[in-house]
Amino acid sequence: MPYPQKKLNPDETVALDSHPHWWFLVEPLASLVGAVLLGLIVLTQTDAGSNLRKLLQWVDIALLVGTAAWLLGRYLRWSTIHFVITSRSEEHTSELQSL
């Protein structure tokens, strides 16, 4: 989503509108991939129907939900942060802060 034109002065133009680097999303994404891999290991390396498998499956489900929520929150934060350089000024804004 580009920087809103209504926040600019009439004679001002946007020279650069950028988000933080995509590396901002790597940590929660790597955690989610790790939780998926853990789930695959539990499914392939434990005996079907065992209590250990049931326990590890619940732990992995909790990890999957937690890391997915973390990634979603980080993505929403990333998508609403703007680094804006205009013809007259430089701004760092977050749409979440201005709501």
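We now turn to the structure provided with this report. (Residues numbered from 1 in each chain as written. Predicted model: local features only at pLDDT ≥ 70, side-chain atom pairs only at ≥ 80, totals over all residues. Heavy atoms only, no water.)

### Let's talk about the packing of aromatic side chains
Operational definition: Pairing of aromatic side chains here covers Phe, Tyr and the six-membered ring of Trp, requires ring centres within 6.5 Å, and sorts the geometry by plane angle: under 30 degrees stacked, over 60 edge-to-face, intermediate tilted. Think of it in three bands: with a 1.4 Å probe and only protein chains considered, a residue is buried below 20% of the maximum accessible area for its type, exposed above 50%, and partly exposed in between. Only when the NZ of Lys or the CZ of Arg is both within 6 Å of the ring centre and within 35 degrees of the ring normal is a charge said to sit over the ring.
Counting across every chain of the model gives 2 aromatic pairs. Seen from their ring centres, Trp 22 and Trp 23 are 5.2 Å apart, and the 20° between their planes marks the pair as stacked. Judged by relative accessible area, Trp 22 falls into the exposed class, the value being 52%. Judged by its relative accessible area of 56%, Trp 23 is exposed. Positioned over the ring face of Phe 24 is Arg 74, at 4.8 Å from the centre of the ring.

### Observations regarding the pattern of salt bridges
Here is the rule: Any carboxyl oxygen of Asp or Glu that lies within 4 Å of a side-chain nitrogen of Lys or Arg is treated as forming a salt bridge with it. Helix and strand definitions here come from DSSP, where helices need a minimum of 4 consecutive H or I residues and strands a minimum of 2 consecutive E residues; each element is numbered from the N-terminal end.
The full count for this structure, using the stated rule, is 1 salt bridge. For Glu 27, the salt bridge goes to Arg 74, with nearest N and O atoms at 4.0 Å. You can see Glu 27 sitting in helix H1 (residues 26-45) and its partner Arg 74 sitting in helix H2 (residues 51-80), a full 47 residues away along the chain. Classification of Arg 74 by relative accessible area gives buried; the value is 16%.

### Observations concerning the environment of Leu 8
Selection rule: Residue contacts follow a heavy-atom distance rule, with two residues in contact if any of their heavy atoms lie within 4.5 Å.
By secondary structure assignment, the location of Leu 8 is in the segment before strand S1 (14-18). With a relative accessible area of 11%, Leu 8 lands in the buried category. Along the sequence, Leu 8 and Ser 87 sit 79 residues apart, while their C-alpha atoms lie 10.0 Å from each other. For Leu 8, the residues in contact, after removing those within four places along its chain, are Tyr 3, Val 14 and Thr 86.

Remember, this is a structural readout, not a statement about activity or role.
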